[in-house]
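Chain by chain, the residues run as shown.
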Amino acid sequence: MDSKDLTPIEEQALELMEAGAGMTDGQVERLAQDDELRAMCRDVETLATACRMEREDDDVEAALADFHRRHRSWRSRTGMAAIVLATAAMIVGAVLLLRRNGVTQPLPPGMVYQAAGETADVVVERWGADDIVVDANRVAAGLSFRSNADGIDTEGAREVTVRVPEGRSFTAELPDGSRVWLHPGSTIYFPSRFDSDRRWVKLEGEAYFSVVHDGRRPFTVEAGGTETTVRGTEFNVASYAESAVTVTLVSGSVSFAAGGHEAFLTPGMQAVASGDRQPELHAVSTEKYINWRDGFFYFDNTSLREILTEIGRNYGVTVECRDEALLDEHLHFVAERGQSLQAIVDRLKALRPMAVSVSHGVMVVEGR
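Note that the structure is predicted; figures quoted are calculated from it, not measured. (Residues numbered from 1 in each chain as written. Predicted model: local features only at pLDDT ≥ 70, side-chain atom pairs only at ≥ 80, totals over all residues. Heavy atoms only, no water.)

### Regarding helix α7 (residues 304-315)
Working note: α-helix, 3.6 residues per turn, so residues spaced by three or four point in the same direction.
Step number 1: In this model α7 runs 16 Å from its N-terminal to its C-terminal C-alpha over 12 residues, within 8% of the 16 Å that 1.5 Å per residue would give.
Step number 2: By the criterion of burial, α7 is predominantly enclosed, with 10 of the 12 residues buried.
Step number 3: Those residues of α7 not exposed but buried are L304, I307, L308, T309, E310, I311, G312, R313, N314 and Y315.
Step number 4: Residue G316 follows α7 closely and has a positive phi angle near 65°. (Helix = DSSP H or I, 4+ residues; strand = E, 2+ residues; numbered from the N terminus. Expected span 1.5 Å × (residues − 1). Buried < 20%, exposed > 50% of the residue type's maximum accessible area, 1.4 Å probe, protein only.)

Shown next, in the form of structure tokens:
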């Protein structure tokens, strides 16, 4: 392809694509400050994902592509398609993916994920009233706490807690109309009615937020000693005991505070906080977070360790691996999160020859 076919902004996007995880500080700063360039890179990433899906003979990839065709408006400019086709071999990993190294607490040798072994019910706790056990299968669309329409009376309760066990996902509409997708094994705390001057929630685990804009009342998420403050936007927060807190911004802007430090994020940026250190800022792909919200596992150039951890959390099973070398291998793995565990195991074995057995809540992985 002749470079004269590219516009200046497309040439810059291609330059960043080629740099990938090796971007210089200047390139990261340019990406953070240029809204048009960021949008262009996201378009390249989306088209690259679509092209890769077309090359793979896989029903799950096709289902994911179809989902996005129905729920997103993708730009399909000729110049951008040309960039993707010309750099298809290069765009195997997620665009602008800068992998982070979280601070983790050591697990026993061979242990990848330790399941909590908790109840399979979603529980709504009302401070000052009886707890309510929710049949998540019957309320697949989630619950609304904006009114009593779903039969959950929170009047008189100062605080509401929604506990989602491992093996479940759940969606809740908060009192102001904001929506939150709760990852398996997560808990969220919030008042039955937000104050007149602020909105706040506390999170343990992981959640994707779509916050209703309110210029008078900022919305704050407390998680693992950090605070993320917005007025209306979409972002993902992950706060697990074994790793650093991460906040990934999909749209809008957020203020992130941790350890006495503050940072401002723009779309496509991620903040990583560990202890009292200055939060680290990275440019990342947001595809993983959007897709988990939409009901898919989406891992691109991701270690088997991370994939197995997510599988363990999603299905509430302990995961052991008897071949440590396997855990460092990187895979492209896409699947529907609502499938049976056996279907996920079969898909893993189709991607990489391995022996996987599941018995009494323990999943054991071995090399072949």
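Okay, back to it.
### Side note on the pattern of salt bridges
Step number 1: A full pass over the atoms with the stated rule returns 11 salt bridges.
Step number 2: The partner of E324 in a salt bridge is R305, and the shortest N-O contact between them spans 3.6 Å. Residue E324 is found in helix α8 (residues 324-327), and its partner R305 is found in helix α7; the two are separated by 19 residues along the sequence.
Step number 3: For E324, a relative accessible area of 42% puts it in the partly exposed group. (Salt bridge = Lys/Arg side-chain N within 4 Å of Asp/Glu carboxyl O.)

### Focus: the nonpolar core
Step number 1: Within the largest apolar cluster, 38 residues are counted, with the highest numbers of intra-cluster contacts made by V162, V201, F209, F219 and F235.
Step number 2: Here this core takes four residues from strand β9 (residues 199-210), the largest share from any one element.
Step number 3: Leave out the neighbours within four places in its chain, and V201 touches L174, I188, Y189, F190, F194, F209, F219, T220, V221 and E222.
Step number 4: One finds F297, L304, L327 and V365 within the second-largest nonpolar core, a separate group that totals 26 residues. (Core = buried A, V, L, I, M, F, W, Y, C linked by side-chain atoms within 4.5 Å. Contact = heavy atoms within 4.5 Å.)

### Some remarks on the environment of R313
Step number 1: Along the chain, R313 falls in helix α7.
Step number 2: By relative accessible area, R313 is classed as buried at 5%.
Step number 3: Between the C-alpha atom of R313 and that of G185, which follows or precedes it by 128 residues, the distance is 6.7 Å.
Step number 4: Those residues in contact with R313 that lie beyond four places of it in its chain are Y113, E166, G167, H183, P184, Y240 and E242.
Step number 5: Within polar-contact distance, the side chain of R313 engages the side chain of E310 at 3.0 Å. (Polar contact = N/O pair within 3.5 Å; in protein donor to acceptor, adjacent residues only side chain to side chain.)

### A closer look at the confidence of the model for the protein
Step number 1: Across the protein, the average pLDDT comes to 78, with 68% of residues at 70 or higher.
Step number 2: Mean pLDDT in the protein bottoms out at helix α5 (residues 78-86), which sits at 37, and peaks at strand β10 (residues 219-223), which reaches 97.
Step number 3: Contacts of residues 49-57 to residues separated by more than four positions or lying in other chains number 15 contacts, the stretch itself having pLDDT below 50.
Step number 4: Low pLDDT, under 50, characterises residues 73-105; the predicted model gives this stretch 81 contacts beyond four residues in sequence or across chains. (pLDDT = per-residue confidence, 0-100.)

### As for the sheet that holds strand β22 (residues 362-367)
Step number 1: What the four strands build is an open sheet, ordered β1-β19-β22-β21; its pairing is mixed. Where the open sheet ends on each side, the last strands, each with one partner, are β1 (111-113) and β21 (354-359). Ignoring strand direction, the axes of neighbouring strands in this sheet form an average angle of 25°.
Step number 2: Where α7 meets the sheet, its contacts fall on β1, β19 (318-321), β21 and β22, and the angle it forms with β1 comes to roughly 55°.
Step number 3: Sheet contacts for helix α9 (residues 341-351): β21 and β22; angle to β21, the most-contacted strand, approximately 170°. (Pairing = 2+ DSSP bridges. Axes fitted to C-alpha atoms, helices over the stretch in contact; angles between N-to-C directions.)

### Quick notes on the side chain of T309
Step number 1: Structurally, the position occupied by T309 is in helix α7.
Step number 2: Judged by its relative accessible area of 16%, T309 is buried.
Step number 3: When sequence neighbours within four positions are dropped, the list of residues in contact with T309 reads V112 and Y113.

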